[in-house]
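# Descriptive analysis of the structure
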Amino acid sequence: MPKVAATKLRTTISDLLDRVVHHGERVAVERYGKPVAALVSPEDLELLEAIENRMDIEMARKALNEPGRRSWDEVRTELALQDDPEV
């Protein structure tokens, strides 16, 4: 994955966005040599969000099966979940 220093981001953002949009690359933005952000395509972002949602649903299902079971509303509130019709 290509990397760019945060200090060079302003001068290279157009080229980096072209690489993300047209070539499907992911670009890591670094500060002091450590990744702090990334440029990704909307499709990659949607995939990450879908994975997170699935993980949240699995956590909620496990919580519902714990002894002293709580209501779905309590679990959803505790885990800060949004309503999902697939649950």
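Use the structure listed above.
We now turn to the structure provided with this report. Not measured: the values here are computed from a predicted model.

Looking now at the overall build of the protein chain. The helix and strand inventory of the protein chain stands at 3 helices and 3 strands. Across the protein chain, helices and strands are ordered from the amino to the carboxyl terminus as β-α-β-β-α-α. A compact globule built from 87 residues should have a C-alpha radius of gyration of about 12 Å, whereas the protein chain, at 19 Å, is more than 25% larger. Viewed in the frame of its principal axes, the protein chain has a C-alpha envelope of about 55 × 30 × 15 Å. Buried residues in the protein chain amount to 20% of all 87 residues. Taking as baseline every contact in the protein chain between residues at least 6 positions apart, the subset at least 24 positions apart corresponds to 31%. Accessible surface, the protein chain: about 7000 Å² in total, of which carbon and sulfur atoms supply 53%. Looking at charge distribution, the protein chain has the averaged site of its 13 positive side-chain charges lying 7 Å from that of its 18 negative ones.

Moving on to a nonpolar patch on the surface. Side chains of Leu47, Ile51 and Met55 sit close together on the surface and give an oily, nonpolar patch of about 290 Å² of accessible area. Within the secondary structure, Ile51 sits in helix H2 (residues 42-64). Among the residues examined, Ile51 registers a relative accessible area of 41% and is labelled partly exposed.

What follows is about the pairing of strand E3 (residues 34-39). Here 5 bridges tie strand E2 (residues 27-31) to E3, and the two strands are oriented antiparallel to one another. The residue of E3 that forms the bridge with Arg31 is Lys34. Taking the residues between adjacent antiparallel strands as the criterion, E2 and E3 are bridged by 2 residues, where Tyr32 takes a positive phi near 55°.

Counted at 1.5 Å a residue, the expected span for H2 with its 23 residues is 33 Å, and the 33 Å between its end C-alpha atoms agrees. Every buried residue of H2 is accounted for by Asp44, Ile57, Ala60, Ala63 and Leu64.

Let's shift gears to unusual backbone geometry. Even without a glycine there, the phi angle at Tyr32 is positive, about 55°. Tracing the backbone through its elements, the reader meets Tyr32 in the loop between E2 and E3. A positive phi angle is found at Ala80, which is not glycine, with a value near 55°. The residue Ala80 is located in the segment after helix H3 (72-78) in this model. Using a relative accessible area of 66% as the deciding quantity, one classes Ala80 as exposed.

This brings us to the nonpolar core. Counting 6 residues, the largest nonpolar core consists of Val4, Leu16, Val20, Val27, Val29 and Leu39. Those elements giving two or more residues to this core turn out to be helix H1 (9-23) and E2.

Cut-offs and rules
- Residues numbered from 1 in each chain as written.
- Predicted model: local features only at pLDDT ≥ 70, side-chain atom pairs only at ≥ 80, totals over all residues.
- Heavy atoms only, no water.
- Helix = DSSP H or I, 4+ residues; strand = E, 2+ residues; numbered from the N terminus.
- Rg over C-alpha atoms; globule rule 2.2 N^0.38 Å.
- Buried < 20%, exposed > 50% of the residue type's maximum accessible area, 1.4 Å probe, protein only.
- Contact = heavy atoms within 4.5 Å.
- Areas by Shrake-Rupley, 256 points an atom, 1.4 Å probe, with all protein chains shown as cover.
- Lys, Arg positive; Asp, Glu negative; His and termini not counted.
- Charge placed at Lys NZ, Arg CZ, Asp CG, Glu CD.
- Patch = residues over 30% accessible without salt bridge, like charges linked within 9 Å, V, L, I, M, F, W, Y side chains within 5 Å.
- Salt bridge = Lys/Arg side-chain N within 4 Å of Asp/Glu carboxyl O.
- Pairing = 2+ DSSP bridges.
- Expected span 1.5 Å × (residues − 1).
- Core = buried A, V, L, I, M, F, W, Y, C linked by side-chain atoms within 4.5 Å.

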